[in-house]
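The residues making up each chain are set out below.
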Amino acid sequence: MLTRSLLGVGITLICVAIAGRRFNWLARLLRSGKPTERRWQGVRRTAQVEATEVLGQRRLLRWTVPGLAHFFTMWGFTVLLTTIVEAYGALFSRNFHIPLIGQSNWLAFVEDFFATAVLVSLVVFAAIRVRQAPRRKDRASRFYGSHLGAAWVALGMISLVIVTLLLYRGAQINTGHFPFAHASGGANVSANEGAASPWAFASLVVAHWLAPLGLGVNSVLEAVFVIANVAVIAAFMVFLAYSKHLHIFLAPINIAFARRPRALGALATTPDMDMEKVTEDTVFGVGHLSDFTWKQMLDFSTCTECGRCQSVCPAWNTGKPLSPKLLIMGLRDTMFASADQLLRGEPGELATLVPTTIDPDVLWSCTTCGACVEQCPVDIEHVDTIVDMRRYEVLMESRFPTEAGLMLRNLENQGDPWGMGASKRLEWTKELEFEVPVFDDTIPEDVEYLYWIGCAGALDERARTQVVSTARVLHRAGISFGILGPRESCTGDPARRLGNEYLFQELAKNVITTLNEARARTVITSCAHCFNTMKNEYPALGGHFDVAHHSEVLQHLVATGRVQLGASGDVVTYHDPCYLGRHNRVFDEPRDALAASGATMVEMDRSRETSFCCGAGGARMWMEENTGSRINMNRVAEALDTGANVIAAACPFCIIMLDDGVKATGRGDDVAVMDIAQVIERSWQ
Ligand code: SF4
Ligand code: SF4
């Protein structure tokens, strides 16, 4: 007994010391990060989030098979903590059981159930990994680029924990030292087996296999496997501390401090981003590891390398070099490799992240669609990190794609990305059969809405069809609205997503001043990007407006009978714009409005939260797409596969990209790309 105790405790102490050293190192490393905005949501909110995301595994369960396997493994880890207590107790006393609950039939069942469930889950994980085993250069696998060796070691170690557990429990049954016995055992194996709780079904099976070995051998096996179980658990703790499986400890912390409700919508900013407090020493964005906040460093350390983000990324899926998983892994590996400099507080020794760790093509491939953030089961905030690095490139180094430079100059000089100027902003109204009030002063009290047209709606020929139809529907429904015409300018979205925070704030403040001067109350906008910026980003700059997307207004008009729709013979598939759907959760309103038009609705596989980007976000609209295939063509192929004759969207950027895509396929004559307002206008009898 003494040898057993000494061995078990000795191994454990050594492993705790090794793992503890690593955790201490990691805590110091994270503390070296910059401060972030307030992240703590309070006990109640945090408890809710932990209950749904960690205990409920909400996001993991979106993928049923791996989700269930992870669910049972995670809960197995939690529930089987009681078996760790029992194993350590058995090092000191062969008759140990947890006081009060230690001999209950229900605990015997729960422990055996989860031990079995974990084993089955491990088989599922192994099968998934074998099936998706990435061959060299096989980008389709979500595990491409992940550390596969470590994953197999983890599966092997967890299997060993369960196998040694069942073996020592089986031997315990045969020697009469099983904690869950409903009667006293005897001096022979079969009497002991009969005395064990029948609820310990898995342990009984193992006991049955071991029984022919006799009492003496079972006594030895009991001692050997208790020590083995304790040793494997202790070694696993060390392995966790040094591998990607660190997420077992870090995920609940990262989730507790994630942006809520999600890191979408508004971009995160740091105090350095306040342009009114800029000094000579201000560093905009992130150029070196030492510029990251502690939360970003925690993000990198928490990545499980599951590849869910990679599998949904439009850039990765169309052959671009950007994978959100590889980006996060690259930053983590560089951070760990540079830990000494960070801990010594010597950032001067660190290389700039672009191009040393992050290739410029990786950085500029992102459309900021948010699909990665939506999928990540541990709440990593990829978009904020990507834009932070863009900010440094643009504002500190003046490095960005040449075409984007033209767009920025146009924004600075003309207030729109195409450089067409304010005088062109009223041209679309010539297509209307009625006069739209143009407010060059304060909006009159009796006018309900300000219709914010946006640069694309006013200046791009295809996007104009969207605002023309919206204006017609609003007018016919008797809604009082007007526009600002030449007083409009870009809301700043493309400048901000490109990383030019300075220009964004200039543009945003201009728009906020204009809206305040006009005393705008409720603003309707058809552009998902204007909608997101005004609704989510202007409040931080003092702009507080009631902003509605035109899909919400149209749905309301249809639902209240102010728009009477007939039966349309169209088959419509709806493309969720990223900045309306994923970033702002407006999923149902456009669908409801379209369905009311009498059209037959067909959904694409990737819809709502999992919608696939059109390729225009993140200022990509104004950049060349020279690598891989085109994102809009990928989306159009999916839309055409539904058999729809109308591809509907609710954002001018999407309309332009999808329209380009449909025409490039040669289907422009039989498939129309339309805004939801156009579909409604067409079906209004
Ligand atoms: S935001 Fe979209 S494009 Fe950018 S990394 Fe994430 S999934 Fe890829
Ligand atoms: S960033 Fe999130 S989704 Fe992507 S691999 Fe890491 S844990 Fe998985």
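Structure: above.
Here goes a summary of the coordinates provided. (Residues numbered from 1 in each chain as written. Chains lettered and ligands numbered in written order. Predicted model: local features only at pLDDT ≥ 70, side-chain atom pairs only at ≥ 80, totals over all residues. Heavy atoms only, no water.)

**Digging into the site of ligand 2**
Operational definition: Here, proximity means that at least one heavy atom of the residue falls within 4 Å of the molecule or strand. Residue classes follow a fixed rule: Ala, Val, Leu, Ile, Met, Phe, Trp, Tyr, Cys and Pro count as nonpolar, while Asp, Glu, Lys and Arg count as charged, and any other residue, Gly among them, counts as polar.
Taken together, Cys303, Thr304, Glu305, Cys306, Gly307, Cys309, Lys325, Cys376, Pro377, Val378, Ile380 and His382 are the residues near ligand 2. Residue composition of the shell around ligand 2, grouped by class: 7 nonpolar, 3 polar and 2 charged.

**Regarding the site of ligand 1**
Keep this limit in mind: Strands here are runs of E lasting at least two residues and helices are runs of H or I lasting at least four, both read from the DSSP assignment and numbered beginning at the N terminus.
By nearness alone, 13 residues border ligand 1, and Cys313, Cys366, Cys369, Gly370 and Cys372 come closest of all. Among the elements of the structure, α18 (371–375) and α19 (382–396) are those that each provide at least two residues to the shell around ligand 1.

**A look at the environment of Val378**
For the record, the criterion: Relative accessibility decides the category of a residue: with a 1.4 Å probe and only protein chains considered, values under 20% of the type maximum give buried, values over 50% give exposed, and everything between is partly exposed. Contacts between residues were defined by any pair of non-hydrogen atoms, one from each residue, lying within 4.5 Å.
In this structure, Val378 sits in the loop between α18 and α19. Looking at Val378, the relative accessible area reads 5%, which means it is buried. Other than its neighbours up to four places away in sequence, Val378 contacts Ala251, Asn254, Ile255, Thr302 and Thr304.

**Notes on the pattern of salt bridges**
Basically, it comes down to this: Should a side-chain nitrogen of Lys or Arg be within 4 Å of a carboxyl oxygen of Asp or Glu, the pair is scored as a salt bridge.
Summed over the entire model, instances satisfying the criterion amount to 40 salt bridges. Of the charged contacts in the structure, one is a salt bridge between Glu427 and Arg464, with a shortest N-O distance of 3.6 Å. On the criterion of sequence distance, the pair formed by Glu427 in the loop between α20 (402–414) and β1 (449–452) and Arg464 in helix α22 (residues 461–476) is long-range, its members being 37 residues apart. The partly exposed category is assigned to Glu427, whose relative accessible area is 31%. The buried category is assigned to Arg464, whose relative accessible area is 11%. Each of the salt bridges in this network shares a partner with another, and the network as a whole consists of Asp388, Arg391, Asp493, Arg496, Arg497, Glu501 and Glu537.

**Observations regarding the sheet that holds strand β2 (residues 481–482)**
Convention followed: Here, any two strands with at least 2 DSSP bridges between them count as paired. Angles here are taken between N-to-C directions and fall from 0 to 180 degrees, while the axes themselves are lines fitted to C-alpha atoms, restricted in helices to the stretch in contact.
In spatial order, the strands read β2-β1-β3-β4; together these 4 strands make up an open sheet with parallel pairing. Taken across any chain shown, the strands that pair with only one partner, and hence form the sheet edges, are β2 and β4 (546–549). In this structure, β1 lies alongside β2, joined through 2 bridges in parallel fashion. Bridge assignment links Tyr449 to a residue of β2, and that residue is Phe481. Across the sheet, α22 lies against β1, β2 and β3 (522–525), angled at about 165 degrees from β1, the strand it touches most. Against the sheet, helix α26 (residues 550–559) touches β3 and β4, its axis set at about 75 degrees to β4.

**Here's the deal with the environment of Arg519**
Relative to the elements of secondary structure, Arg519 occurs in the loop between α24 (501–517) and β3. Judged by its relative accessible area of 57%, Arg519 is exposed. For the pair Arg519 and Asp441, spaced 78 residues apart in the sequence, the C-alpha separation amounts to 9.0 Å.

**Here's the deal with the layout of surface pockets**
Stated formally: Any residue with an atom within 4 Å of a point lines the site, the site being either a cavity, points on a 1 Å grid over the protein atoms alone where a 1.4 Å probe fits but cannot get out, or a pocket, an open set with protein on both sides within 12 Å along at least 5 of 7 lines. Grid points are joined across faces, edges and corners, and a volume is the space filled by probe spheres set on the points.
Approximately 490 Å³ is the volume found for the second largest pocket. Along its surface, the second largest pocket is lined by 26 residues, and Ala266, Leu267, Ala268, Thr269 and Ala540 are the ones closest to its centre. Put simply, the parts of the chain that give the lining of the second largest pocket at least two residues each are α24 and α25 (528–537). Counting residues per element, the lining of the second largest pocket draws most heavily on α24, which supplies 3 residues.

**Quick look at the side chain of Arg620**
The cut-off we apply is this: Positive charges come from Lys and Arg, negative ones from Asp and Glu, while His and the chain ends are left out of the count.
Structurally, Arg620 can be placed in the loop between β6 (600–601) and α28 (631–641). Buried charge without a partner: Arg620 forms no salt bridge, and the closest opposite charge is Glu625, 5.4 Å away. Excluding residues within four positions of it along the chain, Arg620 makes contact with Trp364, Ser365, Cys366, Thr367, Gly615 and Glu625.

**Here we look at a nonpolar patch on the surface**
Spelled out, the test is: Like charges within 9 Å and nonpolar side chains (Val, Leu, Ile, Met, Phe, Trp, Tyr) within 5 Å are joined into patches, using only residues over 30% in relative accessible area that form no salt bridge. Here the Shrake-Rupley method, with its probe set to 1.4 Å, supplies the accessible areas, and only the displayed protein chains count as covering residues.
Where nonpolar side chains cluster on the molecular surface, the patch consists of Phe109, Phe113, Trp199 and Phe201 and spans about 370 Å² of accessible area. Tracing the chain through its elements places Phe109 in helix α5 (residues 105–131).

**Focus: the packing of α22 against helix α29 (residues 652–665)**
Basically, it comes down to this: An angle counts as roughly parallel when it lies under 35 degrees, as roughly antiparallel when it exceeds 145, as roughly perpendicular when it falls between 65 and 115, and as oblique in every other case. Left-handed describes a crossing whose near helix is turned anticlockwise from the far helix through less than a right angle; right-handed describes the clockwise counterpart.
Put simply, α22 and α29 touch, their axes get as near as 9 Å, and they point 125 degrees apart. The orientation of α22 with respect to α29, classified from their angle, is oblique. Read as a crossing pair, α22 and α29 show a hand that is right-handed. Between α22 and α29, the residues in contact are Arg462, Ala463 and Gln466 and Pro652, Ile655, Ile656, Asp659, Asp660 and Lys663, respectively.

**Section: the pairing of β1**
Neither face of β1 is left uncovered, since the one carrying Tyr449 and Tyr451 and the one carrying Leu450 and Trp452 both have all their residues buried. Sheet topology note: the β1/β3 ladder contains 4 bridges and is parallel. Within the sheet, the bridge partner assigned to Leu450 lies in β3 and is Val523.

**Details of the side chain of Thr36**
Defined as follows: The term polar contact refers here to a pair of N or O atoms within 3.5 Å; inside protein, the definition further demands a hydrogen-donor-capable atom paired with an acceptor-capable atom, and it admits residues adjacent in sequence only when both atoms are side-chain atoms.
Residue position: Thr36 is located in the loop between α1 (2–31) and α2 (43–55). Here the side chain of Thr36 touches Glu37 through a polar contact of 2.6 Å, side chain to side chain. Excluding its chain neighbours within four sequence positions, the residues that come into contact with Thr36 are Thr293, Trp294 and Lys295.

**Some details on helix α27 (residues 588–596)**
Cut-off, in case you're wondering: As used here, the arc belongs to the directions running from the helix axis to the C-beta atoms.
Turning to α27, its buried residues are Pro590, Arg591, Ala593 and Leu594. All buried residues of α27 project into a common sector of 165 degrees when viewed along the axis, lining one side. Where α27 is buried, its residues touch α26, β5 (571–574), β6, β7 (646–649) and α30 (676–683). Just beyond α27, the residue with positive phi is Gly598, at close to 85 degrees.

**A few points about α26**
Restricting attention to buried positions, one finds in α26 the residues His550, Ser551, Val553, Leu554, Leu557 and Val558. Viewed end-on, α26 has its buried residues packed into an arc of 160 degrees, placing them on one side of the element. Where α26 ends, the next residue or the one after it, Gly561, has phi of about 80 degrees, a positive value.

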